[in-house]
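Fold and geometry: a report
Single-letter residue listing:
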Amino acid sequence: MTLEVHSPRVYTSQGVPISVVGTAQVKINGSSEEMLGYAAEQFGGKPVDQILNICLETMEGHQRAIMGNMSVEEIYRDRKTFSKKVFEVASVDLHNMGIAVISYTLKDVRDEVGYLASLGQARTAQVKRDALIGEAEAKKESTIAEALAEEQRMESKLVNDTEIARSKRDFELKKAIYDTEVNTAKAEAEMAYSLQAAKVQAKIKEEEMQVKVVERMQNIAIQEQEIMRREKELDSKVRKPAEAEKYRLEKIAEAERQKVVLEAEAEAEATALRGEAEAYAIEVKAKAEAEQMAKKADAWKEYKEAALVDMMLKVLPKVAAEVAGPLSETNKITMVATGDGPIGASRVTNEVLDIMGSLPDTVKKMTGVDITTRMARA
């Protein structure tokens, strides 16, 4: 949609009334649904003429506002700035209504007081004046330029000569520096060669020393292995056999000693077991006879204590014979003593007597008759 915006007799910032005609191109902003929503909200149900009138009044109001903030000279001479300001301000306002301003241009500027004509006349006189001044300035500048050119030519010549002399001097200095660097590098190279040769010689000597050290270490290792071999040979031929013989003799002696002790212990244990077995047999036999006697006493009821004593005295020799019987059949007796009490044959006699001495107590427990007391009374 094309709008022709007229703003008649608007006072500028200087108070000069002018009339301005601008042309604007606007359209419904369909770039997004949001913009279409704004447009529908503002113009929904309104005819096109009314929509154009709203847009025209909005543009005209912003155009008048920009005219009031600028001078006649600014509007007339800088139409682009004026158009840009009107476009920017109007675009923001119309954007909120869903309208997009495509373009705006200042079409015409007029005034009814002759201000613009006066500006033209003044400008014409100014141009003529500027032309005369420019011609004089041009001649003056031409003369000055010629003098400056000559001066610059002479200055350039001097500068060139100076630069030539400086370049020559720099060349000589650089050549001297290069020569110095070359000689230094050559000397350093020669020194580096000598130093490298010395390092190589030192490395060779170091390697030779390392070889000697390795050879010496190998000789030492060989000697150590020989020593170890001789030690092993000594161990296998002298020490080991000697230790083995010593161990054998010790074991033989230990075995003999152990054999004697074990034989003595076995014999003693056998004798003790035989004695205990015989004593137990006698004790059992005595118990059996006592039970028999008790039964006889119960049967007879008139059997007296003297008869029992007489009977026991008859039995005691048999008991002693039974106790001494195993000893009479023994070929060899090995006595193991702790050092306390009698030793030898008397110890055997004492053990037999101890067994016999325990018989009265056994009889007393079995029959209730104290044989020792009765014999003492007799």
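To start, this report covers the structure provided alongside it. Since the model is a prediction, treat every value here as computed from it, not as a measurement.

Definitions and limits used
- Residues numbered from 1 in each chain as written.
- Predicted model: local features only at pLDDT ≥ 70, side-chain atom pairs only at ≥ 80, totals over all residues.
- Heavy atoms only, no water.
- Pairing = 2+ DSSP bridges.
- Helix = DSSP H or I, 4+ residues; strand = E, 2+ residues; numbered from the N terminus.
- Axes fitted to C-alpha atoms, helices over the stretch in contact; angles between N-to-C directions.
- Contact = heavy atoms within 4.5 Å.
- Buried < 20%, exposed > 50% of the residue type's maximum accessible area, 1.4 Å probe, protein only.
- Polar contact = N/O pair within 3.5 Å; in protein donor to acceptor, adjacent residues only side chain to side chain.
- Salt bridge = Lys/Arg side-chain N within 4 Å of Asp/Glu carboxyl O.
- Expected span 1.5 Å × (residues − 1).
- Core = buried A, V, L, I, M, F, W, Y, C linked by side-chain atoms within 4.5 Å.
- Patch = residues over 30% accessible without salt bridge, like charges linked within 9 Å, V, L, I, M, F, W, Y side chains within 5 Å.
- Areas by Shrake-Rupley, 256 points an atom, 1.4 Å probe, with all protein chains shown as cover.
- Parallel < 35°, antiparallel > 145°, perpendicular 65-115°, else oblique.
- Left-handed = near helix turned anticlockwise from the far one by under 90°.
- Nonpolar A, V, L, I, M, F, W, Y, C, P; charged D, E, K, R; others polar.

**Overview of the sheet that holds strand E2 (residues 17–28)**
Taken together, three strands build an open sheet; the order of strands is E1-E2-E3 and the sheet is antiparallel. This sheet does not close on itself; its edge strands, each paired only once, are strand E1 (2–11) and strand E3 (99–110). Each adjacent strand pair in this sheet contributes to an overall mean axis angle of 25 degrees, direction not counted. As paired strands, E1 and E2 are joined by eight bridges and run antiparallel to one another. Its bridge partner being in E2, His6 is matched across the sheet by Val21. Contacting E2 and E3, helix H4 (residues 79–95) runs over the sheet at an angle of about 145 degrees to E3.

**Some details on the environment of Val72**
Within the secondary structure, Val72 sits in helix H3 (residues 72–77). The exposure class assigned to Val72 is buried, which follows from its relative accessible area of 0%. Counting along the chain gives 37 residues from Val72 to Val109, while the straight-line C-alpha distance between them is 9.2 Å. Not counting residues up to four positions away in its chain, the partners in contact with Val72 are Thr12, Gln14, Val16, Ile18, Tyr115, Leu116 and Leu119.

**Quick look at the side chain of His62**
With respect to the helices and strands, His62 occurs in helix H2 (residues 48–68). Its relative accessible area of 15% is what places His62 among the buried residues. At 3.0 Å, the side chain of His62 and the side chain of Asp93 are in polar contact. Every residue in contact with His62, bar those within four places of it in the chain, is listed here: Val89, Ala90 and Asp93.

**Section: the pattern of salt bridges**
A complete count under the given rule lists 16 salt bridges for this structure. The salt bridge partner of Arg110 is Asp108, with a shortest N-O separation of 2.5 Å. Looking at Arg110, the relative accessible area reads 43%, which means it is partly exposed. Classification of Asp108 by relative accessible area gives partly exposed; the value is 25%. The partner of Arg153 in a salt bridge is Glu150, and the shortest N-O contact between them spans 2.7 Å. Of this pair, Arg153 and Glu150 both sit in helix H5 (residues 115–300), three residues apart, which is roughly one turn of that helix.

**Focus: H2**
Between its first and last C-alpha atoms H2 spans 30 Å; for 21 residues at 1.5 Å apiece the expected length is 30 Å, and the two agree. What H2 keeps buried is the set Ile51, Cys55, Thr58, Met59, Glu60, His62, Gln63, Ile66 and Met67. Buried-residue contacts for H2 involve E1, E2, helix H1 (33–43), H3, H4 and E3.

**Quick look at the nonpolar core**
Counting residues in each nonpolar core, the largest one holds 29 residues, and the members touching the most others are Ile18, Met59, Ile75 and Phe82. Of all elements in the fold, only E1, E2, H2, H3, H4, E3 and H5 reach the threshold of two or more residues within this core. The residues contacting Phe82, other than those within four sequence positions of it, are Val20, Gln63, Ile66, Met67, Met70, Ile75, Tyr104 and Leu106.

**Brief notes about a nonpolar patch on the surface**
A cluster of nonpolar side chains, namely Met1, Ile28, Leu36 and Val48, defines an oily patch on the protein surface of about 330 Å² accessible area. Within the fold, Met1 resides in the segment before E1.

**Considerations on the environment of Tyr11**
Assignment of secondary structure puts Tyr11 in strand E1. For Tyr11, a relative accessible area of 48% gives the class partly exposed. On a C-alpha basis, the gap between Tyr11 and Val72 in space is 9.2 Å, while along the polypeptide they are 61 residues apart.

**Some details on the packing of H2 against H4**
Where H2 contacts H4, the two axes come as close as 9 Å, and the packing angle between them is 135 degrees. Put simply, H2 runs oblique to H4. In the packing of H2 onto H4, the handedness of the crossing is right-handed. For the pair formed by H2 and H4, the contact residues are Cys55, Thr58, Met59, His62, Gln63, Ile66 and Met67 on the first element and Phe82, Lys85, Val86, Val89, Ala90, Asp93 and Leu94 on the second. For the contact of H2 with H4, the class distribution of residues is nine nonpolar, three polar and two charged.

Function cannot be read off these values alone, since they describe shape.
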